[in-house]
Amino acid sequence: MAFPYSASNLPTQVFINNQYVEAKSPQKFSVFNPKDGTLVSDKVPLAGQEDVDVAVGAAEAAFPNWKKVPATERRDLLHKFASLIDQHAEQLAVLTRLTLGAPYDSFGKFEGAMAAEAFRYYAGYVDKFGGESHPQENGFLKITRHEPLGVTAGVVPWNGPLGTVGLKAAPALATGNCFILKPSEKTPFAALALGWLIKEAGFPPGVFQVLSGDGSTGAIIARHMRIRKISFTGSIPTGKKIQQMAAESNLKRVTLELGGKSPAVVFDDCNLENAVTWCVNAIAANTGQVCFAASRVYVQEGIRDQFVAKYKAALEERAKTIGDPDDRSTIMGPLVDNSQFKRVMGFIERGAAQGTLLTGGNRVGDKGCFVAPTVFTDVDLNAEISQNEIFGPVSIVNTFKTEEEVLKKANATEYGLMAGVFTQDINRALRIASEFDSGMVGVNCVSLNMLNVPFGGSKQSGLGRECGRNALEHFTEPKTVMINLTY
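Reading the values: rules and limits
Every chain begins its residue count from 1, and numbering advances along the sequence as written. For this predicted model, a pLDDT threshold of at least 70 governs which residues receive local features, and a threshold of 80 or more governs which side-chain atom pairs are given and counted, while totals over whole chains, interfaces and linings are taken from all residues. Side-chain measures here rest on the full set of heavy atoms in the structure, leaving out hydrogens and waters. We count a stretch as a helix when DSSP gives it H or I for four or more residues in a row; a strand needs E for two or more, and each element gets its number in order from the N terminus. Only C-alpha atoms enter the radius of gyration, while the globule expectation follows 2.2 Å times N to the 0.38, with N the number of residues. A 1.4 Å probe rolled over the protein chains alone gives each residue an accessible area, and that area as a share of the maximum for its type sets the label: buried under 20%, exposed over 50%, partly exposed in between. A 1.4 Å probe and the Shrake-Rupley method give the accessible areas. Residues count as covered only by the protein chains that appear here. The charged-residue count follows a simple rule in which Lys and Arg add positive charge and Asp and Glu add negative charge, with His and chain termini not counted at all. All charge positions are set by atom: Lys at NZ, Arg at CZ, Asp at CG, Glu at CD. Think of it this way: a Phe, Tyr or Trp ring, Trp meaning its six-membered ring, pairs with another when their centres are within 6.5 Å, and the plane angle makes it stacked under 30 degrees, edge-to-face over 60, tilted otherwise. Geometrically, a lysine NZ or arginine CZ counts as sitting over a ring once it is within 6 Å of the ring centre and also within 35 degrees of the ring normal. If DSSP finds at least two bridges between two strands, the strands pair. A fitted line through C-alpha atoms represents every axis, and for helices the fit uses only the stretch in contact; the resulting angles, taken between N-to-C directions, go from 0 to 180 degrees. To estimate how far a helix should extend, the number of its residues minus one is multiplied by 1.5 Å. Note on contacts: a residue pair qualifies if any of its non-hydrogen atoms lie within 4.5 Å across the two residues. Identification of polar contacts relies on pairs of N or O atoms within 3.5 Å, with a donor-acceptor requirement for protein atoms, meaning one able to donate a hydrogen and the other able to accept it, and with residues adjacent in sequence counted only if both atoms are side-chain atoms. What counts as a salt bridge is simple: a side-chain nitrogen of Lys or Arg found within 4 Å of a carboxyl oxygen of Asp or Glu. Each angle receives one of four descriptions, namely roughly parallel if under 35 degrees, roughly antiparallel if over 145, roughly perpendicular if within 65 to 115, and oblique otherwise. Crossings are classed by handedness, with left-handed meaning an anticlockwise turn of the near helix from the far one by less than a right angle and right-handed meaning a clockwise turn. All amino acids are sorted into three groups, where Ala, Val, Leu, Ile, Met, Phe, Trp, Tyr, Cys and Pro are nonpolar, Asp, Glu, Lys and Arg are charged, and the leftover types, Gly among them, are polar. The definition used for a disulfide is geometric: two cysteine sulfur atoms within 2.5 Å.

Draft legend 1. Geometry of the overall build of the protein. Counting its secondary structure elements, the protein contains 15 helices and 22 strands. In terms of overall size, the protein behaves like a compact globule, its C-alpha atoms giving a radius of gyration of 23 Å where 487 residues would be expected to give roughly 23 Å. If you line up the protein on its principal axes, its C-alpha atoms span 75 × 65 × 40 Å. Relative to its full complement of 487 residues, the protein shows a buried share of 57%. As presented, the protein carries roughly 19,300 Å² of accessible surface, and 51% of it is formed by carbon and sulfur atoms. Counting 49 positive and 50 negative side-chain charges, the protein places the centres of these two groups 4 Å from one another.

Printed below as a string of structure tokens:
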């Protein structure tokens, strides 16, 4: 059977218990194309309390059998699902691009591959996530097991609506949990289309379900007394609300990935071309709508002029690639919607009084949500554009003299997701890496993640970790079994 969804045939039903069904809630919401503001659909279902209850009930019914499915069978299901994502990656990317505006070659292709690879990675872990045994010196043999939590949920962000599904659903399913996916209301269609792939892959009913909705749906999930875990990626204010609702309901487990204001520290002895390339890609990728974007660049005084000249020129070249995301030659598309456009432009307008505009600062074209890559220099440490996550192609460049000075500046925000240091002195690199207050550090690189190592941040950048073995631990409960060998 051919993949049924396209730009002219959008999925507009929720996926519950392996069936596409009309939501019980009569509410709908609208989504628009950010390249020109045109209506994409006004028929996207907004799942309500009854819809969530039905999905939870189906998951609870499926869980006792699903957690006992042989490891080889569960592994094969995850592999088949990954292959189906690969097979239909371009079609899924079209569904995302309609409301995100991300070009296929610079983002859609990467995102689809990331999602598929996450399911393959965790498929490999299904029969390898073992427990431990402890010496019996006191007459007791101690065994620890990792047991699934039951019904779990993931609320994924609009800036990576397919890739982040893999980071949340794959470890949940690999460890024997059932999983309910709630996509962002800005980018619902690729996630809703996954229902067809879920059924095609052979997942049992109730194991993997998709509910579209807005923040009210997310709140129902966070408060639900029979959901045991929620993994959320998004803003700090929403993350705090989710943690509060989780605590006030059934104390469900929570993983929060809440963004960043990532510093890139560039020393005099760096490979200049390498540093410029990473810093440009870090703020221009996905039009700056990336949680670990290197939005604060600190350059040592000795190469300040050289770096700034190359950084400015490279971003102005990248600005020439802004255009229609449906055109395969386009690298940078629009911001996701008009509210995000107004937010970013507001930061840019206020930034004019907080620093010196180096490049950009303007809208591109006369329609759509297109913004030129924008850089401010000589910005005060406490300025709004230094402290707040803008989530657009906007960065600041400041100078420094010493390691001690730049570390204070780099750590002087409430974010701690990603940091990067550029130097050819390995001792300096390791010193700086150890002193960054950040969950992830790049040496001669920045703004990247890898599936087999933990992804997440310190301070208000979040709680818990995705990727690697850590994600499996966050979707399981350790159980200790003590066996009396002396009776």
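Draft legend 2. Spotlight on the packing of aromatic side chains. Summed over all chains, the structure comprises 18 aromatic pairs. Between the aromatic rings of Phe3 and Trp196, the centroid separation amounts to 5.6 Å while the plane-to-plane angle is 90 degrees, which identifies the pairing as edge-to-face. Of this pair, Phe3 sits in the segment before β1 (14–16) while Trp196 sits in helix α6 (residues 189–201); the two residues are 193 residues apart in sequence, bridging distant segments of the chain. Relative to Tyr125, the ring of Tyr121 lies with its centre 5.6 Å away and its plane at 80 degrees, an arrangement referred to as edge-to-face. The ring of Trp66 has Arg74 lying over it, and the distance from NZ or CZ to the ring centre is 5.5 Å.

Draft legend 3. Representation of the sheet that holds strand β13 (residues 296–300). With mixed pairing, the seven strands of this open sheet are ordered in space as β14-β15-β16-β13-β12-β18-β19. At either margin of the open sheet sits one strand with a lone partner, and together these are β14 (356–359) and β19 (440–443). Taking each pair of neighbouring strands and ignoring which way they run, the sheet shows an average axis angle of 20 degrees. Sheet topology note: the strand β15 (residues 374–377)/strand β16 (residues 394–400) ladder contains four bridges and is parallel.

Draft legend 4. Spatial organisation of helix α9 (residues 272–284). Helix length check: α9, at 13 residues, gives a terminal C-alpha distance of 18 Å against a target of 18 Å (1.5 Å per residue), a fit within 8%. For α9, the complete set of buried residues consists of Leu272, Ala275, Val276, Cys279, Val280, Ala282, Ile283 and Ala284. Among the structural elements, β12 (263–266), β13, α10 (304–319), β16 and β18 (418–422) are those in contact with the buried residues of α9. Capping the start of α9, Asn271 holds a side-chain oxygen 3.3 Å from the backbone nitrogen of Glu273, two or three residues further along. Trailing α9 by a residue or two, Asn286 shows a phi angle of about 50 degrees, which is positive.

Draft legend 5. Here's a closer look at the side chain of Ser447. Mapped onto the elements of the fold, Ser447 is located in the loop between β19 and β20 (458–459). At a separation of 2.6 Å, a polar atom in the side chain of Ser447 contacts the main-chain carbonyl oxygen of Phe292. Within the local environment of Ser447, its side chain forms a polar contact with the backbone nitrogen of Ala294, the two atoms lying 3.2 Å apart.

Draft legend 6. Focus on the sheet that holds strand β22 (residues 476–484). Across the sheet, which stays open at both edges, the three strands sit in the order β5-β6-β22 with antiparallel pairing between neighbours. If you trace the sheet from one side to the other, it starts and ends with β5 (132–134) and β22, each paired once. Sheet twist, expressed as the average angle between the axes of neighbouring strands with direction ignored, equals 20 degrees. Bridge analysis of strand β6 (residues 140–148) against β22 gives nine bridges, and the strand direction is antiparallel. The partner of Pro148 across the bridge, within β22, is Thr476.

Draft legend 7. A look at the pattern of salt bridges. Evaluated as defined, the whole model comprises 30 salt bridges. With a closest N to O distance of 3.2 Å, Asp42 and Lys43 form a salt bridge. With a shortest N-O distance of 2.8 Å, Asp326 and Arg97 are connected by a salt bridge. Of this pair, Asp326 sits in the loop between α10 and α11 (338–351) while Arg97 sits in helix α3 (residues 89–100), and the two are 229 residues apart along the sequence.

Draft legend 8. Summary view of the packing of α3 against helix α4 (residues 104–123). Their axes nearest at 9 Å, the elements α3 and α4 cross at an angle of 120 degrees. Here α3 lies oblique to α4, going by the angle between them. Here α3 runs over α4; the crossing is right-handed. In this structure, α3 uses Ala89, Glu90, Ala93, Thr96, Arg97 and Leu100 to contact α4, whose residues at the interface are Tyr104, Phe107, Gly108 and Glu111. Per-class residue counts for the contact of α3 with α4 are five nonpolar, two polar and three charged.

Draft legend 9. Local environment of the state of the cysteines. With the rule as written, the count across this model stands at zero disulfides. Unpaired in terms of disulfides, Cys279 finds its nearest cysteine sulfur in Cys270, a separation of 8.7 Å. Here Cys279 falls in the buried class, since its relative accessible area comes to 0%. Free cysteine: Cys291, not disulfide-bonded; nearest cysteine sulfur from Cys467 at 10 Å. In this structure Cys291 comes out as buried when scored by relative accessible area, which is 13%.

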